[in-house]
Amino acid sequence: RVAPPPEGTTTYRASDGGWFSSTPNVEMKMLRIDEAAGTSEMLIRLGAGVVVPGHTHRKEEQMVILEGECHLGDHLLRAGDSHVAPPGSWHPPISVLRSVLILLRSEYPLPTT
């Protein structure tokens, strides 16, 4: 038997599923949404060849590369890297040569462009 999480906390288990795909070669798993704060945390798996269009941020965004690598424009991010985009900043397109798994803390809903 697995003990419950400590009082006042929440655990999201990998085995709970919850992965969804809205675009080919892109899978997402929402971990947490705080609608009042307008923020979210999610896992995103991008397959080879995916390009996420450039966009601006209304709130701070943090990407942690858990597996693989991706490019922000010409800037390479590898497993273990963390990238922070402050409010009002511009992200060049994110491109993926091999698959990448990202922990993303961002605004909610996500920016479109």
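A brief structural summary. (Residues numbered from 1 in each chain as written. Predicted model: local features only at pLDDT ≥ 70, side-chain atom pairs only at ≥ 80, totals over all residues. Heavy atoms only, no water.)

As a further point, take the packing of aromatic side chains. Scanning the model with the defined rule gives 0 aromatic pairs in all. Across from the ring centre of tryptophan 19, 5.3 Å away, lies the NZ or CZ of arginine 45, which sits over that ring. (Phe/Tyr/Trp six-rings, centres within 6.5 Å; stacked < 30°, edge-to-face > 60°. Lys NZ or Arg CZ within 6 Å of the ring centre and 35° of its normal.)

Moving on, we get to the nonpolar core. Membership of the largest hydrophobic core comes to 16 residues, with the highest contact counts inside it found for Leu46, Met63, Ile65, Cys70, Val100 and Ile102. Mapped onto this core, the elements with two or more residues apiece are β2 (26-34), β3 (39-46), β6 (61-72) and β11 (100-107). By residue number, the principal contributor to this core is β6, which donates 4 residues. The contact partners of cysteine 70, leaving out residues within four places of it in the chain, are Met63, Ile65, His75, Leu76, Leu77, Ile94, Ser95, Val96, Val100 and Ile102. With 5 residues, the next largest nonpolar core counts Leu31, Val64, Leu101 and Leu103 among its residues. (Core = buried A, V, L, I, M, F, W, Y, C linked by side-chain atoms within 4.5 Å. Buried < 20%, exposed > 50% of the residue type's maximum accessible area, 1.4 Å probe, protein only. Helix = DSSP H or I, 4+ residues; strand = E, 2+ residues; numbered from the N terminus. Contact = heavy atoms within 4.5 Å.)

This brings us to the pattern of salt bridges. Across all of its chains, the model carries 6 salt bridges by this definition. Note that arginine 45 is salt-bridged to glutamate 27, the shortest N-O span being 3.7 Å. Pair noted here: arginine 45 is in strand β3 and glutamate 27 is in strand β2, with a separation of 18 residues, a long-range link. Arginine 45 sits in the partly exposed class, given a relative accessible area of 30%. The network of salt bridges with shared partners includes Glu27, Arg45 and Glu67. (Salt bridge = Lys/Arg side-chain N within 4 Å of Asp/Glu carboxyl O.)

Attention now goes to the side chain of lysine 29. Structurally, lysine 29 is set in strand β2. Residue classification places lysine 29 among the buried positions, given a relative accessible area of 7%. Excluding residues within four positions of it along the chain, lysine 29 makes contact with Arg13, Ala14, Gly17, Gly18, Trp19, Phe20, Met42 and Leu43.

The next thing to look at is unusual backbone geometry. For the bond running from tyrosine 108 to proline 109, omega is -5°, close enough to zero to count as cis. With respect to the helices and strands, the residue proline 109 is situated in the segment after β11.

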